[in-house]
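# Architecture at a glance
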Amino acid sequence: MWLVLQAYAAIFILGNLMASQSLAQSLKGTVNITIVNFNGELMQITWAAKDYYPDRNVTFFYSFDTHSQNRVWKLCANYILDQGYNSGCFFKTEGKTLTMSIKDKSGSKELFNRSLKTDFYIKPNPPENVTFHWQGDTLTVGCSKPKTKTKCLKLELQYKSEYDKEWQSRKSVCCEVKEQGFDPEKCYSFRVRLERRTPICNVVPYSSEWGEVTVWRNGSLIDSCADDIKPLANHAILLISVLAVLLVIVFLLIFVCKWQRFQKSIMPIIPDPKHIFSDLFNDHNGNFQEWIHETDNAMAQTKMECIEHECIIEERTEQEDVKEASEKLCELSNMNKRDFLNSVHNTCLQPPASETVSFGSLNFFMNEDMYVIL
């Protein structure tokens with residue numbers, strides 16, 4: 001019985017060992033890492049800790065020894081953390097062949113290992129001592145030679161004018177680019193970088209960061225394209241401001257006039273009865289009966305005053321008429337010509353019916369419906 005139990009225990013332990021070894025072998029073949037060799041001076045190795053080693057930490061070892069038997073391993077001193085877990089390492093580049101190993105937290109069990117050539121993962125530094133040489137519409141851009149092999153590098157030039165939205169690119173072998181067709185009157189922005197050639201020199205097509213952007217016009221270095229735009233004179237700015245204010249005032253006046261007309265058209269003004277019937281409210285305190293009674297009396301009195309008086313025609317004797325006419329003629333004979341005409345014009349005589357009226361040597365026949373005005 002005891003032997004049977006020991007046999008079962010041995011089988012269980014052996015199965016766990018085989019499973020752990022198969023897991024380690026699968027991890028060694030599936031872990032993806034990112035390798036960057038900054039200008040052949042500094043190595044950066046990163047891995048996806050959350051995907052391959054979730055909820056546990058790992059340790060990183062590296063070596064530049066080419067002999068596998070007496071290899072000296074170095075423990076990472078500068079880890080890159082991701083949510084508190086080791087996900088990368090920085091260390092100095094000390095050779096062309098790198099061997100790395102990822103182990104568990106205690107460093108006793110290896111989870112991943114790999115060997116590679118460091119020169120295939122170089123990312124160059126930005127170009128230094130960049131020069132611009134202008135000759136007419138032709139520009140030649142150069143830089144100093146970097147420490148790495150120049151045959152593995154390309155110099156990339158990008159430029160755009162003040163009217164362009166996208167950069168235009170030109171590439172050439174390190175370390176000079178020549179381009180023509182530039183307009184001397186336009187303002188151009190330039191930037192350059194170094195690119196690692198693939199697959200001859202690099203496995204990954206790394207490029208350096210872009211250098212500082214410089215601005216040129218007509219072969220001269222300037223601060224920006226906006227420097228050539230001359231600011232408006234003070235009097236021009238003042239004139240524009242005054243015109244703008246006047247324009248705003250005109251628009252406001254037009255709006256007010258239009259608004260008043262529109263308001264009157266949709267909402268006509270209702271007159272206040274206090275102004276029309278001022279005596280009703282001022283003299284009678286709004287007492288309509290008292291006011292209408294007084295108004296009726298005033299209208300009746302006015303009507304009575306407007307009645308025409310009847311004309312009473314008194315009968316007169318013939319002698320009285322002749323006497324009165326003689327007096328009139330005497331008065332007229334003593335007047336001058338102008339006064340005579342005025343007097344005759346303003347005199348209205350109503351002779352008796354079917355009578356003959358004589359003025360001097362003039363005789364007029366009158367009926368009962370006629371008047372004579374001289």
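Here, every reference points to the structure presented above.
Residues numbered from 1 in each chain as written. Predicted model: local features only at pLDDT ≥ 70, side-chain atom pairs only at ≥ 80, totals over all residues. Heavy atoms only, no water.

### Considering the overall build of the protein chain
- Counting its secondary structure elements, the protein chain contains 8 helices and 19 strands.
- When each of the 374 residues of the protein chain is scored for burial, the buried share is 26%.
- Sequence-distant contacts, at least 24 apart, represent 55% of the contacts inside the protein chain between residues at least 6 apart. (Helix = DSSP H or I, 4+ residues; strand = E, 2+ residues; numbered from the N terminus. Buried < 20%, exposed > 50% of the residue type's maximum accessible area, 1.4 Å probe, protein only. Contact = heavy atoms within 4.5 Å.)

### Section: the sheet that holds strand β2 (residues 42–47)
- Read across the open sheet, the 5 strands follow the order β5-β6-β2-β1-β9; overall the sheet is mixed. In this open sheet, the two strands that pair with only one neighbour each are β5 (78–82) and β9 (122–123).
- Examined bridge by bridge, strand β1 (residues 33–38) and β2 share 6 bridges and lie antiparallel to one another. Its bridge partner lying in β2, T34 is registered against T46. (Pairing = 2+ DSSP bridges.)

### Focus on the nonpolar core
- In terms of nonpolar packing, the biggest core is built from 24 residues, with I45, W47, F60, F91, L98 and M100 touching the most fellow members.
- Looking at this core, the elements that each hand over two or more residues are β1, β2, β3 (58–63), β6 (85–92), β7 (97–104) and β8 (110–117).
- With near-sequence residues (within four places) excluded, F91 lies in contact with L42, M43, I45, F60, Y62, F64 and L98. (Core = buried A, V, L, I, M, F, W, Y, C linked by side-chain atoms within 4.5 Å.)

### Comments concerning the state of the cysteines
- According to the stated counting rule, one finds 4 disulfides in the structure shown.
- At a sulfur-sulfur separation of 2.1 Å, the disulfide partner of C187 is C225. Looking down the S-S bond of the C187 and C225 bridge, the torsion is -90°, so its handedness is left-handed. In this pair, C187 sits in strand β15 (residues 187–196) while C225 sits in the loop between β17 (220–222) and α3 (234–266), placing the two residues 38 residues apart along the sequence.
- Classification of C225 as buried rests on a relative accessible area of 18%.
- Sulfur of C143: no disulfide; nearest cysteine sulfur belongs to C175 and is 4.1 Å away. (Disulfide = S-S within 2.5 Å.)

### Re the pattern of salt bridges
- Using the criterion set out here, one finds 7 salt bridges in the structure.
- Ionic pairing is found between E209 and K123, a salt bridge with its closest N-O pair at 3.1 Å. Taken together, the positions of E209 in the loop between β15 and β16 (214–217) and K123 in strand β9 put the pair 86 residues apart, joining distant regions of the chain.
- Since its relative accessible area comes to 49%, E209 is described here as partly exposed.
- The shortest N-O distance in the salt bridge between E195 and K171 comes to 2.9 Å. One end of the pair, E195, is in strand β15; the other, K171, is in strand β13 (residues 168–173), and 24 residues separate them in sequence. (Salt bridge = Lys/Arg side-chain N within 4 Å of Asp/Glu carboxyl O.)

### A few points about a positive patch on the surface
- Together, K96, K117, K149 and K151 make up a positively charged patch on the protein surface.
- The topology assignment puts K117 in strand β8. (Patch = residues over 30% accessible without salt bridge, like charges linked within 9 Å, V, L, I, M, F, W, Y side chains within 5 Å. Areas by Shrake-Rupley, 256 points an atom, 1.4 Å probe, with all protein chains shown as cover. Lys, Arg positive; Asp, Glu negative; His and termini not counted. Charge placed at Lys NZ, Arg CZ, Asp CG, Glu CD.)

### Quick look at the environment of Q158
- Locating Q158 in the fold gives a position in strand β12 (residues 153–161).
- A residue is classified by how much of its surface remains accessible, and Q158, at 10% relative accessible area, is buried.
- A C-alpha to C-alpha distance of 5.3 Å links Q158 and Q168, two positions 10 residues apart in sequence.
- Not counting the four nearest positions on each side in its chain, Q158 is found in contact with W167, Q168, S169, S189, F190, R191 and W210.
- Separated by 3.5 Å, the side chains of Q158 and E156 make a polar contact.
- A distance of 2.8 Å separates polar atoms of two side chains, one belonging to Q158 and the other to R191. (Polar contact = N/O pair within 3.5 Å; in protein donor to acceptor, adjacent residues only side chain to side chain.)

### With respect to the pairing of β15
- The element β15 is extensively covered by neighbouring structure, given that 9 of its 10 residues are classed as buried.
- Sheet analysis places β12 next to β15, joined by 9 bridges and oriented antiparallel. Bridge pairing links K154 to E195 in β15.
- Two strands pair when backbone bridges link them, and β15 and β16 are joined in this way by 4 bridges, in the antiparallel orientation. Opposite F190, over in β16, you have T214 as the bridge partner.

### Description of unusual backbone geometry
- Omega for the peptide link from C174 to C175 comes to 20°, which places this bond in the cis form.
- Residue P199 is reached from T198 by a cis peptide bond, and omega for that bond is -5°.
- The topology assignment puts P199 in the loop between β15 and β16.
- The backbone of Q83 shows a phi angle near 55°, a positive value even though the residue is not glycine.
- With respect to the element layout, Q83 can be found in the loop between β5 and β6.
- For Q83, a relative accessible area of 63% corresponds to the exposed category.
- Phi at N218 takes a positive value of approximately 55°, unusual for a residue other than glycine.
- Along the chain, N218 falls in the loop between β16 and β17.

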